[in-house]
Every structure is written in structure tokens, then in C-alpha cells.
Amino acid sequence: MRWFNNKGIGIDLGTANTNVYVEGKGIALGEPSVVAKDNTTGEVVAVGLDAQKMIGRTPGSIVAIRPMKDGVIADYDTTIAMMEYFISKGIGKRASKPSVVVCVPGGGTEVEKRAIIDATKMAGAKEAFLIEEPFAAAIGAGLPVNDPTGSMVVDIGGGTTDVATISLGGIVSSRTIKMAGDQMDISIIHYIRNKYNLLIGDRTAESVKMELGCASIEAARELGSTDIRGRDLLTGLPKTIEISAVDIAEAIQEVVDSIVIAVKGTLEDTSPEISADVIDRGIVLTGGGAMLKHLSEVIAEQTEVPVFVANDPLNCVAIGTGEALNHLDLYRKQSR
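Parameters at a glance
Residues numbered from 1 in each chain as written. Predicted model: local features only at pLDDT ≥ 70, side-chain atom pairs only at ≥ 80, totals over all residues. Heavy atoms only, no water. UniProt positions renumbered as here; feature names shortened; annotations may be inferred. Helix = DSSP H or I, 4+ residues; strand = E, 2+ residues; numbered from the N terminus. Buried < 20%, exposed > 50% of the residue type's maximum accessible area, 1.4 Å probe, protein only. Pairing = 2+ DSSP bridges. Axes fitted to C-alpha atoms, helices over the stretch in contact; angles between N-to-C directions. Contact = heavy atoms within 4.5 Å. Polar contact = N/O pair within 3.5 Å; in protein donor to acceptor, adjacent residues only side chain to side chain. Core = buried A, V, L, I, M, F, W, Y, C linked by side-chain atoms within 4.5 Å.

Labelled according to an unreviewed UniProt entry, the chain appears under the name Cell shape-determining protein MreB, originating from Marinilactibacillus piezotolerans. Of the chain, the UniProt comment under Function (unreviewed entry) reads exactly: "Forms membrane-associated dynamic filaments that are essential for cell shape determination. Acts by regulating cell wall synthesis and cell elongation, and thus cell shape. A feedback loop between cell geometry and MreB localization may maintain elongated cell shape by targeting cell wall growth to regions of negative cell wall curvature." Listed under Sequence similarities (unreviewed entry) in UniProt, the entry text for the chain is "Belongs to the FtsA/MreB family."

In C-alpha cells, the structure reads:
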């Protein structure tokens, strides 16, 4: 374990998933942001992948929860337990306390940011610093964030969508909305319940979103259908129905529209010079939501700006957070 001593780590602490970047090693870990707890004793039973497998399948005494909501801490003690797991699994239990950079959504309050710093230290960090999600995403996507030229990134995570224009090492204009991957899942559950009288779980909604999800209703007509299973609300019995890609596209349309509006609003808040740069360079999509079929085409059509999906959209934020470890001295000066 001595090889890892004094190594810094970057944590993309997401609502749905957490990725851990270890200095000198790269992305060492990526698991769901889920914790299973025993309600009777308060003991943590499982974290990450093992806890996710328990969702919807636990006995009454055990509950599987996400301690992060909309990118901020919803359950402080459980978040600490989850971060302890990720830190120790990332660098090894016998390694010395690491310096940690944690990614947070843009637009968070000072209280929310302070809570994440405190939780990180309680989880075993020697020191903790924060980096805003859209800035980390831009770094991870390879955008020239320190150059005197404008770049634009749209990071679509589980709890939030962060839209930002960036130039000269800082965020020029930004918007954060609570319309992202989780809200798409919720919308799919409600849509199927209302249209088909079928109740499905979160994991089924996410699975069908990944298989058939499409930002364009017209394009969805070419994507076919799949079978899903749930509970018939009329009989209370298990039931299988066929669901089409058009159904999923209609279900998530409000979320897609909200993302487009946020992009347009951020562009409107941007100076003409940076807007011109964005038109030349295009908008880059990162995060799990960037993989939604035809989303880039929909945003491009609505904004009349080229839109591209980053090479590794799922890991851009974690990579950018890890790159920030090279500038810990600057973070220390800023925190004084």
C-alpha cells in the first residue's frame, strides 16, 4: 500500500453514481451512489454496486437509499459512510489520509458546499477542496479552459444539468437545473403508470431509458420497442407489456425541453465575443445524459449551434476532478 501514500484523489460525487480518480492511476472506481442500511441498528450493510442490487428487494428492516439528492447531501451521516467506502476502496485501507478534490454542481449554496467539505474530512480526507461540475467536465472533455477563448459545456448528470460557458480559467455564465437523468426516470414511471396502469420500479425505468430513450419523438419512431414487467394497478398481479421508443420519448419530453431552455438561457447571458467562439467551437455534452439518443441533434436544431458528445462523457467530470489535483497549491491559497 505504500505506493499510494500521499496520493491525492478526485471524487465525482454524483446523485446516481460516484467515480473516484486516484493520482498516478486514473479512474480507479465507479459505482452507484447507493447505501443499504439496517433501520433497526443504523448499521451500513452495503455500499455501491452491492447496495444497488438491494433496491426494491430488501426486507422491512433494511432500506437502500441514495444519500445525495440533486447533487447535494440529503443524508449527512450516510454520505460520510459512503465516502469512507469509496476513499478506502480507491486507495487502500492502510494508505495515509489523502488530499481530496470533490466535484459539486454549479450554483450550490455555501452551506451545501461546506457540508460536502466537512463530510469528506469526516470520511478520512486530510484536506478537501471543491471544483464546480461544469468546469471539471470541460477539463475532462479536453476543452481549452485556460485560453482566452470561449467554450461551452452541458453536463447532464443524475440529479442536475449544469450548463456553462468558460474562458480564461473561470465560468463566465452558467445555469443549473434539477432536470436530468433521475427526473427522466421519474417521468417514465409516471407516464407508464398513467397510460398503461402499470407500476414499474426505478431500475426498470432507467433500463428502458438507456435502451429506448430518445430526445426526438420523430426519431424515436425508428427505434422499435421492448417488453417491460411491473405490477398491474387494476389486478395487483405481475404483468408484462410492450413499450415503444415513442412512449419513452413522449415521457421525457419535458426534461429535454428544460435542458434546451437552459442552454438557450445560458447563451443569452453570454457576451457576443464568447458566443462567437461557441458558434465556432460548438457545444460539448458530457455526463450520462449526453448518451441520450439524438439529444445533440435536438439541441443543435434549437440553438443553431454545432453540438458534440464528448469522447468519454460518463467519465469527463471524474477526469477533470482528477486533473485538478495538479493544482492543489492554488486551492490551498484560495481556501485561506
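1. Things to note about unusual backbone geometry
In the Ramachandran plot, Asn197 falls in the positive-phi region, its phi being about 55° despite a non-glycine side chain. You can see Asn197 is positioned in the loop between α5 (181–196) and β14 (198–199). Taking the relative accessible area as the measure of exposure, Asn197 reaches 31% and is therefore partly exposed. One non-glycine residue with positive phi stands out, namely His294, at about 65°. Residue His294 is classed as partly exposed on the basis of its relative accessible area, which comes to 31%.

2. So, the sheet that holds strand β5 (residues 44–47)
If you walk across this open sheet you meet the three strands as β5-β4-β6, and the pairing is antiparallel. Here the strands that pair on one side only, and so sit at the sheet edges, are β5 and β6 (62–65). Geometrically, the sheet is characterised by an average inter-axis angle of 20° between neighbouring strands, direction not taken into account. Two elements, strand β4 (residues 35–38) and β5, share three bridges in a ladder whose sense is antiparallel. When the sheet's bridge partners are listed, Ala36 is paired in β5 with Ala46.

3. Things to note about the sheet that holds strand β2 (residues 17–22)
On the basis of which strands lie adjacent, the open sheet formed by five strands has the order β3-β2-β1-β9-β10 and mixed pairing. Of all strands in the sheet, those bounded by a partner on one side alone are β3 (26–32) and β10 (127–132). Within the sheet, the average angular offset between the axes of one strand and its neighbour, ignoring direction, is 20°. Bridge count for strand β1 (residues 9–13) against β2 is five bridges, and the pairing is antiparallel. By the bridge assignment for β2, Ile9 is matched with Val22. Strand contacts of helix α2 (residues 76–91): β1, β2, β3 and β9 (99–104), with the helix running at about 145° to β3, the strand carrying the most contacts. On the sheet, helix α4 (residues 133–140) packs against β9 and β10 and is oriented at approximately 80° with respect to β10.

4. Considering the UniProt feature "binding site: ATP" (unreviewed entry) in the chain
As recorded in UniProt, the feature "binding site: ATP" (unreviewed entry) lies at Thr15, Ala16, Asn17, Gly158, Gly159, Thr160, Glu206, Ser207, Val208 and Lys209. Topologically, Gly159 is positioned in the loop between β11 (151–156) and β12 (161–167). Residue classification places Gly159 among the buried residues on the basis of a relative accessible area of 6%. In this structure, Gly159 is in contact with Thr15, Asp70, Ile177, Lys178, Met179, Ala180 and Asp182, ignoring residues within four places of it in sequence. By the secondary structure assignment, Lys209 is in helix α6 (residues 202–212). The exposure class of Lys209 is buried, given its relative accessible area of 14%. Those residues within four positions of Lys209 in sequence are excluded, and the remaining contacts are Gly181, Met184, Asp185, Ile188 and Ile248. Engagement of the side chain of Lys209 in a polar contact is seen with the backbone oxygen of Gly181, the distance being 3.3 Å.

5. Points about the nonpolar core
Core analysis: the biggest nonpolar cluster contains 47 residues, and Ile188, Ile192 and Ile283 have the highest contact counts within it. For this core, the element with the most residues is helix α9 (residues 253–268), which contributes seven residues. The contact partners of Ile283, leaving out residues within four places of it in the chain, are Met152, Val154, Val263, Leu267, Val278, Thr303, Val305, Pro306, Val307 and Phe308. Membership of the second largest hydrophobic core comes to 27 residues, among which are Met82, Ile87, Val100 and Val102.

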